[in-house]
Amino acid sequence: NAGVMQNPRHLVRRRGQEARLRCSPMKGHSHVYWYRQLPEEGLKFMVYLQKENIIDESGMPKERFSAEFPKEGPSILRIQQVVRGDSAAYFCASSPLAGSDNEQFFGPGTRLTVL
Amino acid sequence: AQSVTQLGSHVSVSEGALVLLRCNYSSSVPPYLFWYVQYPNQGLQLLLKYTSAATLVKGINGFEAEFKKSETSFHLTKPSAHMSDAAEYFCAVTDTSGTYKYIFGTGTRLKVLA
């Protein structure tokens with residue numbers, strides 16, 4: 001059973017460009033979480049999605065950021081008009097069930113560098 | 001609201017020495033707690049989790065953690081450090097507002113000295 005897949009692993013963008021980060025959850029997992037890790041900091045929650053639904057986006061910046069998890073295909077985190085402050089590692093995690101004791105399985109992350 | 005505090009952003013131990021990484025939590029309800037390890041340029045790997053079954057939790061790679069409700073702590077320990085333990089360690093608590101997202105501590109970078 002393949003783990004959580006994220007691509008690309010590294011992404012370089014110039015200021016003002018768009019960044020698209022993809023996450024394929026583990027087979028059978030319908031819950032996806034996105035977290036951001038700024039340099040020298042811990043991980044911060046961004047958004048929680050189930051298939052075709054955004055459940056909690058309280059950690060997402062109000063502008064330029066959006067996320068989706070379509071019925072078919074990977075979850076996408078999209079950042080429009082990137083700025084240098086968006087440079088970070090973005091991690092996706094998936095879980096088969098929603099519950100406090102359910103482990104989240106993390107992908108290897110996408111490291112975004114904005115020039 | 002839940003929160004997690006990890007004391008000591010950097011910890012150094014000698015190879016063979018005891019590893020102790022501290023984690024304190026704040027939660028109004030019984031928490032579910034996790035320790036993850038992150039090796040350089042990699043994702044997070046679960047070390048162990050506390051889900052109220054037993055206060056002493058054993059994990060992978062010889063790590064264990066003890067849940068102490070009176071101290072609101074969930075410290076991670078390993079009796080004898082190996083060079084391969086050098087990594088960043090994160091303590092996390094599950095949010096209980098209904099979305100079960102993780103609330104992470106700021107992490108502790110463990111350095112193992114030869």
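Residues numbered from 1 in each chain as written. Chains lettered and ligands numbered in written order. Predicted model: local features only at pLDDT ≥ 70, side-chain atom pairs only at ≥ 80, totals over all residues. Heavy atoms only, no water.

K.L.:
Help me understand the nonpolar core, please; the structure alone is not making it clear to me.
P.N.:
Note that soluble globular proteins tend to have their nonpolar side chains buried in a common cluster. Residues and elements named next belong to chain B. Core analysis: the biggest nonpolar cluster contains 26 residues, and Trp35, Leu48, Phe74, Leu76 and Tyr89 have the highest contact counts within it. Of all the elements, strand E10 (residues 87-94) adds the most residues to this core, at four residues. Setting aside residues up to four positions removed in sequence, Leu76 forms contacts with Val19, Leu20, Leu21, Trp35, Leu47, Leu48, Phe63, Glu64, Ala65 and Tyr89. (Core = buried A, V, L, I, M, F, W, Y, C linked by side-chain atoms within 4.5 Å. Buried < 20%, exposed > 50% of the residue type's maximum accessible area, 1.4 Å probe, protein only. Helix = DSSP H or I, 4+ residues; strand = E, 2+ residues; numbered from the N terminus. Contact = heavy atoms within 4.5 Å.)

K.L.:
When you look at unusual backbone geometry in this model, what are you seeing that I'm missing?
P.N.:
Residues Asn7(A) and Pro8(A) are joined by a peptide bond in cis, for which omega reads -5 degrees. Inspection of the secondary structure assignment puts Pro8(A) in the loop between strand E1 (5-7) and strand E2 (10-13). The backbone of Arg64(A) shows a phi angle near 75 degrees, a positive value even though the residue is not glycine. Counting through the fold element by element, Arg64(A) comes out in the loop between strand E6 (53-56) and strand E7 (65-68). The phi torsion at Thr72(B) lies on the positive side, around 45 degrees, for a residue other than glycine. Here Thr72(B) lies in the loop between strand E8 (64-68) and strand E9 (73-78).

K.L.:
I keep staring at the state of the cysteines and nothing clicks. Help me out?
P.N.:
Cysteine pairs can be covalently joined through their sulfur atoms, and such a bond is termed a disulfide. Inspection of every chain in the model, using the stated rule, returns two disulfides over all chains. Residue pairing for Cys23(A): its cysteine sulfur links by disulfide to Cys92(A), the two sulfurs lying 1.7 Å apart. In this structure the cystine formed by Cys23(A) and Cys92(A) twists about its S-S bond by roughly -45 degrees; its chirality is therefore left-handed. A residue pair is termed long-range when its members are at least 10 positions apart, and Cys23(A) in strand E3 (residues 19-24) and Cys92(A) in strand E9 (residues 88-95) qualify at 69 residues. In this structure Cys92(A) comes out as buried when scored by relative accessible area, which is 0%. The disulfide partner of Cys23(B) is Cys91(B), and the S-S distance across this bridge is 2.0 Å. Judged by the torsion about the S-S bond (-60 degrees), the Cys23(B)/Cys91(B) disulfide is left-handed. (Disulfide = S-S within 2.5 Å.)

K.L.:
Help me understand the interface of chain B and chain A, please; the structure alone is not making it clear to me.
P.N.:
Often the size quoted for an interface is simply the accessible area lost on bringing the parts together. Contact with chain B, which involves 23 residues of that partner, is made by 25 residues of chain A. Of the roughly 1,900 Å² buried at the junction of chain B and chain A (both faces included), carbon and sulfur atoms supply 56%. It is Tyr100(B), Lys101(B) and Tyr102(B) in chain B that bury the most area against chain A; as a group they hold 27% of the surface buried on that side. The interface formed by chain B and chain A holds one salt bridge in total. Between Lys101(B) and Asp56(A) there is a salt bridge; the shortest N-O distance is 2.9 Å. Summed over the shared surface of chain B and chain A, the number is eight residue pairs in polar contact (both at pLDDT 80 or more). Elements with a contribution of two residues or more to the side of chain B that touches chain A: strand E5 (33-38), strand E6 (44-50), E10 and strand E11 (102-104) of chain B. (Buried area = accessible area lost by both parts, 1.4 Å probe. Salt bridge = Lys/Arg side-chain N within 4 Å of Asp/Glu carboxyl O. Polar contact = N/O pair within 3.5 Å; in protein donor to acceptor, adjacent residues only side chain to side chain.)

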